[in-house]
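# Fold and geometry: a report
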Amino acid sequence: MGTLREALEYPFLKVGLIMLVLALVISAMGLYGVDKSYSSNGTLGEGRYLLGDEDFEKSYVYYNRTLVISSSNATFSVVQGNVTEKYTLLNGTVEIIPTTRPVIDVFNGTINYTYTVSAKDYPYAIYSLIAFVLMLVGTVMAFMGYTQFLRDIKEGKR
């Protein structure tokens, strides 16, 4: 019966296994995530305002948005997609968790806001395509080497 050491003498099997291990390492690199964040704050008077940075929010996945609004005697509304929430603040603060980039309509007074967006970026995720190809080719090569090894055992060459 053949041993592992004898099996690894077959080039197809050896190269196939190396490709499989390399594919595993590259795919693990794709899981590396980097936290990214964007923040803006300021004072808004009467009018309509779209908050956020479109380029930032289109570039990343898994957003966590927070909008904190404080005011002394202001009336405003926050529009998120199809939902409009109206507020009247008399020396107060409200914290909103928007699902999309918020639009603020200030009807009277001024408001102070802080808008923070945090996201996750996976800079090495594109290399998972290379890992997938290596996995396919490595599996075929390892299978070819293993069948050649078994054929040689059956024929008594090993």
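Let me begin by describing the structure that accompanies this report. (Residues numbered from 1 in each chain as written. Predicted model: local features only at pLDDT ≥ 70, side-chain atom pairs only at ≥ 80, totals over all residues. Heavy atoms only, no water.)

Mapped onto the secondary structure, S77 falls in strand β4 (residues 74–80). A relative accessible area of 2% places S77 in the buried class. (Helix = DSSP H or I, 4+ residues; strand = E, 2+ residues; numbered from the N terminus. Buried < 20%, exposed > 50% of the residue type's maximum accessible area, 1.4 Å probe, protein only.)

The next subject is helix α4 (residues 128–154). Helical geometry: 3.6 residues make up each α-helical turn, so side chains three or four residues apart lie on a common side. Between its first and last C-alpha atoms α4 spans 38 Å; for 27 residues at 1.5 Å apiece the expected length is 39 Å, and the two agree. For α4, the full list of buried residues reads A131, L134, G138, M141, A142, G145, F149 and D152. (Expected span 1.5 Å × (residues − 1).)

Turning our eyes to something else, we now look at the environment of L13. Counting through the fold element by element, L13 comes out in helix α2 (residues 11–29). The class for L13 is buried, based on a relative accessible area of 8%. Separated by 128 residues in the primary sequence, L13 and M141 place their C-alpha atoms 6.1 Å from one another.

Another aspect to go through is the nonpolar core. Counting residues in each nonpolar core, the largest one holds 21 residues, and the members touching the most others are L67, I69, F76, V78, I104 and I111. In terms of residue count, the dominant contributor to this core is strand β8 (residues 111–121) (5 residues). Look past the residues within four positions of I69 in its chain and what remains in contact with it is F76, V78, L89, G92, T93, V94, I96, I104, I111, N112 and Y113. Ranked by size, the runner-up nonpolar core spans 6 residues in total, among them M19, A23, L134 and M141. (Core = buried A, V, L, I, M, F, W, Y, C linked by side-chain atoms within 4.5 Å. Contact = heavy atoms within 4.5 Å.)

Considering the arrangement of structural elements, one finds D105 in strand β7 (residues 103–108). Polar contacts involving the side chain of D105 include one to the side chain of R48, which spans 3.3 Å. Setting aside residues no more than four positions away along its own chain, D105 makes contact with G47, R48, T75, F76, S77 and V79. (Polar contact = N/O pair within 3.5 Å; in protein donor to acceptor, adjacent residues only side chain to side chain.)

The next subject is the sheet that holds β4. Pairing within the open sheet is antiparallel, and its 4 strands lie in the order β2-β7-β4-β5. Each edge of the sheet is formed by a strand with only one pairing partner; in this case those strands are β2 (47–50) and β5 (83–89). Strand-to-strand twist across the sheet, computed as the mean angle between neighbouring axes with direction ignored, equals 20 degrees. Relative to β5, β4 runs antiparallel, the two being bridged by 7 bridges. By the bridge assignment, A74 is partnered in β5 with L89. (Pairing = 2+ DSSP bridges. Axes fitted to C-alpha atoms, helices over the stretch in contact; angles between N-to-C directions.)

These figures capture arrangement, not role.
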